[in-house]
Amino acid sequence: QVQLVESGGGLVQAGGSLRLSCTASGRTISSYTMGWFRQAPGKEREFVAAIRRNGGSTHYPDSVKGRFTISRHNAKNTVYLQMNSLKPEDTAVYSCAAERNYYSDPTADNAYTYWGQGTQVTVSS
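In this text the structure is predicted, and so the values were computed from the model without any measurement.

**Digging into the overall build of the protein chain**
Then, number 1: Secondary structure summary: the protein chain contains 0 helices and 11 strands in total.
Then, number 2: Reading the helices (α) and strands (β) of the protein chain from amino to carboxyl end gives β-β-β-β-β-β-β-β-β-β-β.
Then, number 3: At 13 Å, the protein chain has a C-alpha radius of gyration in line with the 14 Å of a compact globule built from 125 residues.
Then, number 4: When its C-alpha atoms are laid out on the principal axes, the protein chain stretches across 40 × 25 × 25 Å.
Then, number 5: Buried residues in the protein chain amount to 46% of all 125 residues.
Then, number 6: Accessible area for the protein chain stands at about 6,300 Å²; split by element, carbon and sulfur atoms hold 44% of it.
Then, number 7: For the protein chain, the centre of its 13 positive side-chain charges and the centre of its 9 negative side-chain charges are spaced 9 Å apart.

**Quick look at the sheet that holds strand 3 (residues 18-25)**
Then, number 1: Taken together, 4 strands build an open sheet; the order of strands is 1-3-8-7 and the sheet is antiparallel. Strands with a single pairing partner mark the edges of an open sheet, and in this sheet they are strand 1 (3-7) and strand 7 (68-73). Put simply, the sheet's adjacent strands are angled 15° from each other on average, direction ignored.
Then, number 2: Here strand 3 runs beside strand 8 (residues 78-83); their pairing, made up of 6 bridges, is antiparallel.

**Some remarks on the pairing of strand 1**
Then, number 1: Burial along strand 1 is one-sided: Leu-4 and Glu-6 are buried, and none of Gln-3, Val-5 and Ser-7, which face the opposite way, are.
Then, number 2: As paired elements, strand 1 and strand 3 share 5 bridges and run antiparallel to each other. Opposite Val-5, over in strand 3, you have Thr-23 as the bridge partner.

**Observations concerning the side chain of Arg-38**
Then, number 1: Considering the arrangement of structural elements, one finds Arg-38 in strand 4 (residues 33-39).
Then, number 2: What makes Arg-38 buried here is its relative accessible area of 6%.
Then, number 3: Within polar-contact distance, the side chain of Arg-38 engages the side chain of Tyr-94 at 2.9 Å.
Then, number 4: Non-local contacts of Arg-38, meaning those with residues more than four positions away in its chain, are made with Glu-44, Arg-45, Glu-46, Val-48, Ser-63, Val-64, Phe-68, Glu-89, Asp-90, Ala-92, Val-93 and Tyr-94.

**Quick look at the packing of aromatic side chains**
Then, number 1: Applying the stated criterion across every chain, the model contains 6 aromatic pairs.
Then, number 2: Both rings, one in Phe-37 and one in Phe-47, keep their centres 5.6 Å apart while their planes meet at 65°; by these two values the pair is edge-to-face. Of the two residues, Phe-37 is situated in strand 4 and Phe-47 in strand 5 (residues 46-51); the sequence distance between them amounts to 10 residues.
Then, number 3: Note on Phe-37: relative accessible area 2%, which makes it buried.

So, how was this worked out
- Residues numbered from 1 in each chain as written.
- Predicted model: local features only at pLDDT ≥ 70, side-chain atom pairs only at ≥ 80, totals over all residues.
- Heavy atoms only, no water.
- Helix = DSSP H or I, 4+ residues; strand = E, 2+ residues; numbered from the N terminus.
- Rg over C-alpha atoms; globule rule 2.2 N^0.38 Å.
- Buried < 20%, exposed > 50% of the residue type's maximum accessible area, 1.4 Å probe, protein only.
- Areas by Shrake-Rupley, 256 points an atom, 1.4 Å probe, with all protein chains shown as cover.
- Lys, Arg positive; Asp, Glu negative; His and termini not counted.
- Charge placed at Lys NZ, Arg CZ, Asp CG, Glu CD.
- Pairing = 2+ DSSP bridges.
- Axes fitted to C-alpha atoms, helices over the stretch in contact; angles between N-to-C directions.
- Polar contact = N/O pair within 3.5 Å; in protein donor to acceptor, adjacent residues only side chain to side chain.
- Contact = heavy atoms within 4.5 Å.
- Phe/Tyr/Trp six-rings, centres within 6.5 Å; stacked < 30°, edge-to-face > 60°.

Just geometry here; none of it tells us what the structure is for.
Right, here's the structure in full:
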């Protein structure tokens, strides 16, 4: 079992930055694909970023590409999401997820086995 806990959310003005952290326990996540997803009220969960195991390839949707960066620190069993140039439409609950199957689609939420509880990000205009 992998337990995931997110932190770093909060209220920020448009144009500002936040860094989210996702710390894992129970297993070493170096061999897991890690993803970030978000869900705004009344909307479906949306893929935000993913990073393959052992610091491999990264994936982003066009909506955040160039503004968000996912990274991992395997020694700390932690994954980060650096969010810059934030916009009001980035407001959502952000959740991290972990999946050990390398061949699963890292952009699909149903490909992930383990999920954190989420952290709220609110961007004011």
